[in-house]
Amino acid sequence: MTIKEAQEQVDRWIRTVGVRYFSELTNMACLTEEVGELARVIARKYGDQSFKEGENCNLEEEMADVLWVLICLANQTGVDLTEALQKSFEKKNQRDKERHINNPKLH
Ligand SMILES: [Mg+2]
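Within any chain, residue numbers begin from 1 and follow the written order of that chain's sequence. Since the coordinates come from a predicted model, pLDDT governs what is reported: local features require at least 70, and pairs of side-chain atoms require 80 or more to be given and counted, while whole-chain, interface and lining totals use all residues.

Labels follow the DSSP assignment, with helices taken as runs of H or I lasting at least four residues and strands as runs of E lasting at least two, numbered in each case from the N terminus. The secondary structure content of the chain amounts to four helices and zero strands. Starting at the N terminus and ending at the C terminus, the chain contains elements arranged as α-α-α-α. Its C-alpha atoms give the chain a radius of gyration of 18 Å, clearly above 13 Å, the size a compact globule of 107 residues would have. For the chain, the C-alpha atoms occupy an extent of roughly 50 × 45 × 25 Å along the three principal directions. For the radius of gyration, the atom set is restricted to C-alpha positions; the globular benchmark scales as 2.2 Å times the number of residues to the power 0.38.

This is the structure:
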C-alpha cells in the first residue's frame, strides 16, 4: 500500500463506516492520546516499566493507530503526505547533510 492509497482508503472508511471526520481539534486530541498509548507500550517493552499480567505488547497496533489519526488529519486539512514526506527528505538531505556524520556522539 502506498501512502496515497492509505490516504484514500482511510478517507473511504471515514466517509462510509465512520460517517464523517471528527473535527481537526478532536483528531488532534485523539492523535495525542494514541501517541500516549504508543509511549506506554515502548516504556514497558524498552523502558523500565513492566506489562501488567494479561497485558499485550501491541506495538504494531499502537503505531497503526497513530498513523491512522495522522492520515485523518492530513486528509481533512488537504495535506498530500507523499509530497510532504518527499519535501521532508529534501530538507533533511540539505540541512542535515553533514550534521549527523560530524556528530561524534553517533560514532
Ligand atoms: Mg491505540
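At their nearest, the axes of helix α1 (residues 3–16) and helix α4 (residues 81–95) sit 8 Å apart, and the two run at 145 degrees to each other. Along its contact with α1, which presents Ile 3, Lys 4 and Gln 7, the element α4 presents Leu 81, Thr 82 and Leu 85. Axis definition: a line fitted to C-alpha atoms, limited for helices to the stretch in contact. Angles are taken between N-to-C directions and run from 0 to 180 degrees. A residue pair is marked as a contact if its C-beta atoms, positioned from the backbone, fall within 7 Å.

Summarising the element assignment, Val 10 is placed in helix α1. Note on burial: count the other C-beta atoms lying within 10 Å of the residue's C-beta; 20 or more is buried, 12 or fewer is exposed, in between is partly exposed, and C-beta positions come from the backbone. Taking the number of C-beta atoms within 10 Å as the measure of exposure, Val 10 has 20 and is therefore buried. Each C-alpha atom of the pair Val 10 and Leu 67 lies 10 Å from the other, and the pair is 57 residues apart in sequence.

Locating Arg 15 in the fold gives a position in helix α1. Note on Arg 15: 12 C-beta atoms within 10 Å, which makes it exposed. Measuring from C-alpha to C-alpha, the distance between Arg 15 and Asn 93 comes to 37 Å, with 78 residues separating the pair along the chain.

Glancing now at helix α3 (residues 59–77). Given the number of residues in a helix, its expected span is that number minus one, multiplied by 1.5 Å. Here α3 is 19 residues long and its end C-alpha atoms lie 27 Å apart, about the 27 Å a rise of 1.5 Å per residue gives. Turning to α3, its buried residues are Val 69, Ile 71, Cys 72 and Asn 75. Buried positions in α3, seen along its axis, are confined to an arc of 155 degrees and lie on one side of it. The arc in question is traced by the directions running from the helix axis to the C-beta atoms.

The subject of this paragraph is the packing of helix α2 (residues 24–45) against α3. Direction vectors running N to C along α2 and α3 enclose 160 degrees, while the axes themselves pass 9 Å from each other. What the angle tells us is that α2 and α3 run roughly antiparallel. Judged by the sense of rotation from one axis to the other, the crossing of α2 with α3 is left-handed. On α3, the residues touching Glu 24, Asn 27, Met 28, Cys 30, Leu 31, Glu 34, Val 35, Glu 37, Leu 38, Val 41 and Lys 45 of α2 are Leu 59, Glu 62, Met 63, Asp 65, Val 66, Val 69, Leu 70, Cys 72, Leu 73, Gln 76 and Thr 77. Just so you know the grouping, Ala, Val, Leu, Ile, Met, Phe, Trp, Tyr, Cys and Pro go in nonpolar, Asp, Glu, Lys and Arg go in charged, and all remaining residues, Gly too, go in polar. Its residues placed into classes, the contact of α2 with α3 shows 13 nonpolar, three polar and six charged. Working definition: roughly parallel below 35 degrees, roughly antiparallel above 145 degrees, roughly perpendicular at 65 to 115 degrees, and oblique for all remaining angles. Should the near helix be turned counterclockwise from the far one by less than a right angle, the crossing is left-handed, whereas a clockwise turn marks it as right-handed.

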